[in-house]
Amino acid sequence: MPAPREHVVVVGAGLGGVRTAENLRSRGYLGRITLVGAEPHPPYDRPPLSKQILTGAWEPDRAVLRDKPGLDEIGVSARLGAAAVALHGTTVELEDGARITGDAVVLATGVAARRLPGQPDGVATLRGLDDALALRDALAEARSLLVVGAGFIGAEAAHAARLRGLEVIVLEAGRVPCERALGPLVGELAARLFREAGADLRCGAGIARFTDARTVELADGTTVSADVALAGVGAAPALTWLDGSGLDTAGGVACDAGGRASGADDVWALGDMAAWWDPVRRRRHRAEHWTSAVDQAAAVACAITGAEPPPRRCPTSGPTSSA
């Protein structure tokens, strides 16, 4: 029987990371848990960022999953405000030079916002809390918003701007919004909703380049400008910090059906950065596309503690979204 694990390091202080810590405790784990997060904020839920927080309906504390007293309650030591930059076995190296070694490591760093080629630093993206607050402040002082990309983030930002009475221009390279996720018919309905809300949606609008932080040049040579520009062109798994770790990260951290990283006895991964093995379809794909982060956290906690794994609620569903 393997020796009991005395210290679990969870890298990523979002929903998956927090639920992993909670599930470890609820399944009887009594050892140390260290939660590592790149942002200085207490762990928070991300969906409200582009909805209630961006519109001003909520302040950030309403999206918090567990503040310091909440983490103390379940005996979790938080190391916030220092991003993980490397993984050496079960030792996590942070950007400030610190190293944290555990008997098991759970990787839950999610995704990062994609950037367009040549995108100026002044073009907004919307992935973290600071992004949402900065964009909210910018919209409060602006008269117009330019959104590149009519996906979910672009739609929610456009909605928030229209609620403030801003002129909104949305540029979408595809024939309709979210065609990959929704299909052409529902995508056309989404386009109608954009326009009924008062947004100037322009589909089939290829971007040649940004000429500055508020102006884009289209493929036909015309330019479009606004007081604020936002790039909402999707997200990609946050994997570059794992370069040199020895893990298979092609298309996500390759895992078995319970989240254990391939070739690593004491490393697990979950969420959008992970590619779990689907035993029904006999292939790997991003875990978030076929089971929730909450279910994954429970499965990983069971694997670490040796508890009976929970039944998988949707083992045969395929990818449903490219967001």
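The sections below set out a description of the structure shown in this document.

What counts and how
Residues numbered from 1 in each chain as written. Predicted model: local features only at pLDDT ≥ 70, side-chain atom pairs only at ≥ 80, totals over all residues. Heavy atoms only, no water. Helix = DSSP H or I, 4+ residues; strand = E, 2+ residues; numbered from the N terminus. Axes fitted to C-alpha atoms, helices over the stretch in contact; angles between N-to-C directions. Parallel < 35°, antiparallel > 145°, perpendicular 65-115°, else oblique. Left-handed = near helix turned anticlockwise from the far one by under 90°. Contact = heavy atoms within 4.5 Å. Nonpolar A, V, L, I, M, F, W, Y, C, P; charged D, E, K, R; others polar. Buried < 20%, exposed > 50% of the residue type's maximum accessible area, 1.4 Å probe, protein only. Pairing = 2+ DSSP bridges. Right-handed = clockwise from strand over helix to strand, strands pointing away.

### Some words on unusual backbone geometry
In this structure, Cys178 takes a positive phi of about 55° despite not being glycine. Turning to its location among the elements, Cys178 is positioned in the loop between strand 10 (167-172) and helix 6 (179-196).

### With respect to the packing of helix 1 (residues 15-26) against helix 7 (residues 293-305)
Where helix 1 meets helix 7, the axes come as close as 8 Å, and the angle between the chain directions of the two elements is 40°. As judged from the angle between their axes, helix 1 and helix 7 are oblique. Considering the relative orientation of helix 1 and helix 7, their crossing is right-handed. Two secondary-structure elements touch here, helix 1 through Leu15, Gly16, Arg19, Thr20, Asn23 and Leu24 and helix 7 through Ala293, Val294, Ala297, Ala298, Ala301, Ile304 and Thr305. Per-class residue counts for the contact of helix 1 with helix 7 are eight nonpolar, four polar and one charged.

### Quick word on the pairing of strand 2 (residues 32-37)
The buried count for strand 2 comes to five of six residues, which makes it a mostly enclosed element. Relative to strand 2, strand 1 (residues 7-11) runs parallel, the two being bridged by five bridges. In the strand pairing of strand 2, Val11 is matched with Val36. Each parallel crossover has a hand, and for strand 1 linked through helix 1 to strand 2 it is right-handed. In this sheet, strand 3 (residues 76-80) lies alongside strand 2 in parallel orientation, the contact comprising five bridges.

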